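This is what each chain is made of:
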Amino acid sequence: MVSVSYRFASREIRTFKRGELIYLAHNTGVLWHILKGTVRLDLPGAEAKTFASIALPGDILGIEMLGLGHYGFTAHALTPCTLSLRHSADIAPLAHMATAITRAAQVIALREGTAVERVQRLANLLTSEGKHPLINQRNALPRLADIAEITCLSVETVSRTTAILGQASGLPHKTYRQKNFQHPADQAMSLATPQPLAA
């Protein structure tokens, strides 16, 4: 099966909406340099996909293809993305493979600690430690279900946690709700944590 992006391989730059498929595992194609946004990488399974890692601006997507001969992961845009076509002769494979290993270690850290710590770490990754905030950009944020799977939390826990962190974390979940509405659970958690955590 040929994924959507291969039909546009002649384009030097492509944009992807949040949740859009970039390529499928086991297919062959091109290498992509992430200019903007975050990409979710999944391992294919018989019944469902399994979250494996994320890729950030500056990373090369599909680097494993140089060794495997095909994509090792299925890639979706975790946030709106801008990708640039790259040729294998233009990159340093070992350096980018080392980056992929670093990302894998960062992902493991996203599943350790309290819910606040996990979501805060993810926010730091997505915003380059706060250098590129996503405040009030609803469509630029990962879906709650994605955040929950990445951090190994329930959607309900992520919802409460992002409400606590608020805009300071770069993950303003309040933008998903009516302006003056606050869920009782969020209200209780807010009272328990009066001071928002900084990014």
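Owing to the predicted nature of the structure, the values given are computational and were not obtained by experimental measurement. (Residues numbered from 1 in each chain as written. Predicted model: local features only at pLDDT ≥ 70, side-chain atom pairs only at ≥ 80, totals over all residues. Heavy atoms only, no water.)

**Comments concerning the sheet that holds strand S2 (residues 21-23)**
Keep this limit in mind: Two strands make a pair as long as DSSP finds a minimum of two bridges between them. Working definition: helices are DSSP H or I runs of at least four residues, strands are E runs of at least two. Numbering for both runs from the N terminus. Simply put, an axis is a line fit to the C-alpha atoms, just over the touching stretch for a helix, and the angle between two N-to-C directions goes from 0 to 180 degrees.
Spatially, S2-S7-S4-S5 is the arrangement adopted by the four strands of the open sheet, whose pairing is antiparallel. Every other strand in the sheet has two partners, leaving S2 and strand S5 (50-55) as the edge strands with one partner each. Between one strand and the next, the sheet's axes are offset by a mean angle of 30 degrees, whatever the strand orientation. Sheet analysis places strand S4 (residues 39-43) next to strand S7 (residues 74-77), joined by four bridges and oriented antiparallel. Residue pairing for S7: Arg-40 is matched across the bridge by His-76.

**Some words on the sheet that holds strand S6 (residues 60-61)**
One open sheet holds the four strands; their spatial order is S1-S8-S3-S6, and the pairing between them is antiparallel. Taken across any chain shown, the strands that pair with only one partner, and hence form the sheet edges, are strand S1 (13-16) and S6. Across four bridges, the pairing between S1 and strand S8 (residues 81-86) is antiparallel. In the strand pairing of S8, Arg-14 is matched with Leu-83.

**Side note on the confidence of the model for the protein**
As a reminder, the rule being used: For every residue, the predictor assigns a confidence score, pLDDT, that lies between 0 and 100. For this analysis, residues touch if any pair of their heavy atoms sits within 4.5 Å.
Per-residue pLDDT for the protein averages 76, and the proportion of residues at 70 or more is 70%. Between residues 1-10, whose pLDDT stays under 50, and residues either more than four places distant or in other chains, the model counts 23 contacts. In the predicted structure, residues 172-199 sits below a pLDDT of 50 and forms 43 contacts with residues beyond four places in sequence or in another chain.

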